[in-house]
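Chain residues, written in single-letter form:
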Amino acid sequence: MRLLLNTCAEIEGVIGEIYRYFADQVVCPERLRDIWLKMASDEDRHARDIRFFARVNLDKELALEKLSRVQADQYLSRVRSILAGIKISEIKEGEALRVSKKLEQDLLDVHLTLAVEILDEKTSRMFSCIVQNEKEHLAEIESYVRSTEDAGGKTFDS
Ligand SMILES: [Fe+2]
């Protein structure tokens, strides 16, 4: 359990790094930069919260069937390779938005699974809070895309 939670915390950290990289490197309006920076600091906070619970839970067996360590490890490799990929090619705003949206959707699924599957009530509640936060991120990205497209300036494929 502890290893699984630590892997989850690491995933959050890498995703935070991806958003910080977008905020720093992608040519985009200030508003989107601020959204990415806020998302990055939220993901960092999630990572800290999850690490805290990983320590508290120590070796407690919290039944988890749907999300195995193997899946968590695979997801960690995926986000790491996304981070490596965006660093080697110039990434445009539309592509960065698409990546952000996909990451948030995936995170939502993972955290929802954890919130439902974890038997420990406090840990489960923490994941529910994270789920709420990821929903806000997704809504923020979607609202940015909508308002930018409505303003007629750009069209982002998603
Ligand atoms: Fe998020």
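Residues numbered from 1 in each chain as written. Predicted model: local features only at pLDDT ≥ 70, side-chain atom pairs only at ≥ 80, totals over all residues.

### Describing the overall build of the protein
A tally of regular secondary structure across the protein gives five helices and zero strands. Across the protein, helices and strands are ordered from the amino to the carboxyl terminus as α-α-α-α-α. Taken over C-alpha atoms, the radius of gyration comes to 16 Å for the protein, in line with the 15 Å a tight globule of 158 residues would show. Taking the principal axes of the C-alpha coordinates as reference, the protein spans close to 50 × 30 × 25 Å. Relative to its 158 residues, the protein shows a buried fraction of 29%. For the protein, the share of sequence-separated contacts (at least 6 apart) that also reach a separation of at least 24 residues comes to 81%. (Helix = DSSP H or I, 4+ residues; strand = E, 2+ residues; numbered from the N terminus. Rg over C-alpha atoms; globule rule 2.2 N^0.38 Å. Buried ≥ 20, exposed ≤ 12 C-beta atoms within 10 Å, placed from the backbone. Contact = placed C-beta atoms within 7 Å.)

### Section: helix α1 (residues 2–25)
Along an α-helix, residues three or four positions apart point the same way, because every turn accommodates 3.6 residues. When the terminal C-alpha atoms of α1 are compared, their 34 Å separation across 24 residues agrees well with the 34 Å that a helix rising 1.5 Å per residue should span. Every buried residue belonging to α1 is among L4, L5, C8, I11, E12, G13, V14, I15, G16, I18, Y19 and F22, and all of these are buried. (Expected span 1.5 Å × (residues − 1).)

### Examining the packing of α1 against helix α4 (residues 93–117)
Viewed as axis vectors pointing N to C, α1 and α4 meet at an angle of 160°, and their least axial separation amounts to 11 Å. Judged on the interaxial angle alone, α4 and α1 are roughly antiparallel. For the pair α1 and α4, the crossing hand works out as left-handed. Contacts between α1 and α4 pair I15, I18, Y19 and F22 from the former with A96, S100, L103 and L107 from the latter. Looking at side-chain class alone, the contact of α1 with α4 contains seven nonpolar, one polar and no charged residues. (Axes fitted to C-alpha atoms, helices over the stretch in contact; angles between N-to-C directions. Parallel < 35°, antiparallel > 145°, perpendicular 65-115°, else oblique. Left-handed = near helix turned anticlockwise from the far one by under 90°. Nonpolar A, V, L, I, M, F, W, Y, C, P; charged D, E, K, R; others polar.)

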